[in-house]
Every structure is written in structure tokens, then in C-alpha cells.
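Overview (structure and organization)
Each chain is listed here by its residues.
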Amino acid sequence: MFSLPAAELAGVFIEIYFYGLNSISFAFCLHSLLTTGGRRRRRDEINWIMLIIGCILFFVASLDIFVAFARCLQAFVFYNGPGGPTAVFSELENWTTLTLSFTTLFLTVSGDGVLIYRCWIVYNRSWKVVVPSILVWLTAVVSMILILQFQASLQAAGTVTSSKLVLPNRIFWVASIIQNLLTTTLIVERIRRVDRENSKFSALTTDGQKTSDLRKVMRRIIESGLLYTLSVIATFITYTCGSNSLYVTSKAVSDNFLVFLSCVI
């Protein structure tokens, strides 16, 4: 099993790796939102909601990197007290620990919310389709608030698997898994139906096979959604087992979602 300092360092390494992928995905996301047909979009053509949300999520992901690095400096360089780095990483009420918990949870619930918004748009703004997803998402939001509240009130040193945090954390990650599976399935099913209707009128290529950009979009959403969902499941398993590997898998979750989000946008 990872020691706590080793798990923290591994988590930072994984986060930096995925942050590079996120930067590239974010650049493509901006290109898609700001340009069309080889020209810049006019102000009234820009989806300002998705642009603002995308920039906020990328800023929060960047903040997470800087705070994680600051905490490693604090633990391995500046702290000379008893317990060593483990003592620093065990201070759950410390501002760096609270900030990192907030950024991870915020990225997850915000990304889930964007996914629901996209599902709502795909189904022609039909509320009845997304009501189950919204209810599950609200459960995750309430769990996030409880997690941060409990963590800030803890006085004794420990880890995020401390007994007071177990129930809200489990609810949060289960809600995230259910919401993403449900909403992604709805989006893919809608795209599949539209593609099937369009295929009746599409022309055949020279090799006799039908081509469809919608199928490419559907495949990308499925692949990126599967990657993200597997990361969430891994986080839930490591949390349930009480393993310090949680600090690695949780970083993969928050960063993988930005890649997934760029595909959805």
C-alpha cells in the first residue's frame, strides 16, 4: 500500500500528465467555440455559456496544480516538525487540503452539470428527459457541501477516508457514476436515433458504405465517457477500501473529465 506522502507525490505526477492533455483538449475546445468554417465566430454566434464554463473549469484545474505543488513544498521542504510530510498531508482542515478537496469535487459536479445541460440541448430542451439526471446531480452537490463542511470541522489529523467523511464521499462518487452513465447513455441514444434517420437520406461513398460525422461524435463521447467512468469507479473502489491510492485515482477523475468535456462541447 502507498504511504501517504508517496500517494500524494504520485497523485501530483498523474495530475501534471493529464494536465498536459487537458491543455491540448482545452485549446481544441476554444477553437471549436470561437471559430467555424475557417473564420472567427461573430459575438452572437458564440456559445457564451459553454465558453465561460470551459474557462472556469480550466482555471480551477490549473489552481489545483499550483496548490498541490505548494502543499508538496510545505511538506517536503518547509516543514521540520514532528511526523514529517505525513503530518502535513494529514491536516484535513489545512487550507491547501481543503482547496484541493474543493477543486476535485467542484470539477466533478460542474462537469456533470455541463453534461446534463448538453443532454437538455440535444433533446430540444426537454426537462422531463433530464429530471432523473438532475436529481442525482443534486444529491452529489449536497454530498459535496457536507464533505467540505465535515472536513473543515475536523480537529484530529487523518485522511479523507476518516469515518466522518465516509458516507458523504461514497454517496458523492456513486451519484457521479450513476449520473454519468445515465446522461451519457441518453446523449448517445439521441445521436444514434438522429444518425439512423439521416442515414436514410445520406449518399453512399465510392466503397458503398455510408459515412456519418454523427457516428464519429458518438464514438468519441462513448470512449471519453468510458474513460472517465472507469476513473470514477476506481476512485470509489480505492475510497471504499481505505487505500491511499485514492489520492492518485481522484486526480485522474478531475483531469479526465476535462478531456471528456471537450468531446461533449
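Residues numbered from 1 in each chain as written. Predicted model: local features only at pLDDT ≥ 70, side-chain atom pairs only at ≥ 80, totals over all residues. Heavy atoms only, no water.

Describing the packing of helix α4 (residues 95-122) against helix α5 (residues 127-153)
In a pair of packed helices, the angle between the axes and the distance between the axes together describe the arrangement. For the pair α4 and α5, interaxial distance at closest approach is 10 Å and the crossing angle is 175°. Considering their axes alone, α4 and α5 lie roughly antiparallel with respect to each other. Across the contact of α4 with α5, the residue classes tally to 19 nonpolar, five polar and one charged. (Axes fitted to C-alpha atoms, helices over the stretch in contact; angles between N-to-C directions. Helix = DSSP H or I, 4+ residues; strand = E, 2+ residues; numbered from the N terminus. Parallel < 35°, antiparallel > 145°, perpendicular 65-115°, else oblique. Nonpolar A, V, L, I, M, F, W, Y, C, P; charged D, E, K, R; others polar.)

Let's talk about the confidence of the model for the protein chain
On average, residues of the protein chain score 81 in pLDDT, and 86% of them are at 70 or above. Mean pLDDT in the protein chain bottoms out at helix α8 (residues 246-264), which sits at 66, and peaks at α5, which reaches 92. Taken together, the stretch residues 204-210 has pLDDT below 50 and engages in seven contacts with residues farther than four places along the chain or on a different chain. (pLDDT = per-residue confidence, 0-100. Contact = heavy atoms within 4.5 Å.)

Quick notes on the nonpolar core
One finds L105, V109, M144, F172 and V232 to be the most contacted residues of the largest nonpolar core, which totals 15 residues. Contributing elements (two or more residues each) for this core: α4, α5, α6 (163-199) and α7 (213-241). For V109, the residues in contact, after removing those within four places along its chain, are W137, A140, V141, M144 and F172. Judged by nonpolar contacts, the second largest core, of twelve residues, contains V129, I187, I191 and M218. (Core = buried A, V, L, I, M, F, W, Y, C linked by side-chain atoms within 4.5 Å. Buried < 20%, exposed > 50% of the residue type's maximum accessible area, 1.4 Å probe, protein only.)

Focus: unusual backbone geometry
Non-glycine residue N124 carries a positive phi angle of around 55°. Locating N124 in the fold gives a position in the loop between α4 and α5. Using a relative accessible area of 59% as the deciding quantity, one classes N124 as exposed. We note that R125 has phi near 60°; this positive angle belongs to a residue other than glycine. Mapped onto the elements, R125 comes out in the loop between α4 and α5.

Here we look at a nonpolar patch on the surface
Residues L9, F76, V77 and F78 make up a contiguous nonpolar surface patch of about 400 Å² in total accessible area. Per element, the largest residue contribution to the nonpolar patch is three residues, and it comes from helix α2 (residues 48-78). Relative to the elements of secondary structure, F76 occurs in helix α2. (Patch = residues over 30% accessible without salt bridge, like charges linked within 9 Å, V, L, I, M, F, W, Y side chains within 5 Å. Areas by Shrake-Rupley, 256 points an atom, 1.4 Å probe, with all protein chains shown as cover. Salt bridge = Lys/Arg side-chain N within 4 Å of Asp/Glu carboxyl O.)

Considerations on the state of the cysteines
One pass over the structure, following the stated rule, counts zero disulfides. Of all cysteine sulfurs, the one in C29 lies closest to C55, which takes part in no disulfide; the gap is 8.0 Å. (Disulfide = S-S within 2.5 Å.)

Some details on the packing of aromatic side chains
Tallying each qualifying case throughout the model produces eight aromatic pairs. Both rings, one in F26 and one in F58, keep their centres 4.3 Å apart while their planes meet at 0°; by these two values the pair is stacked. Taken as a pair, F26 in helix α1 (residues 4-34) and F58 in helix α2 lie far apart in primary sequence, 32 residues in all. F58 matches F26 in its accessibility class, with the two residues each being buried. Ring geometry for F102 and F106: centres 5.3 Å apart, planes at 25°, overall stacked. You can see F102 and its partner F106 sitting in helix α4, four residues apart, about one turn around the helix. Residue classification places F102 among the partly exposed residues on the basis of a relative accessible area of 35%. With relative accessibility at 22%, the residue F106 sits in the partly exposed group. (Phe/Tyr/Trp six-rings, centres within 6.5 Å; stacked < 30°, edge-to-face > 60°.)

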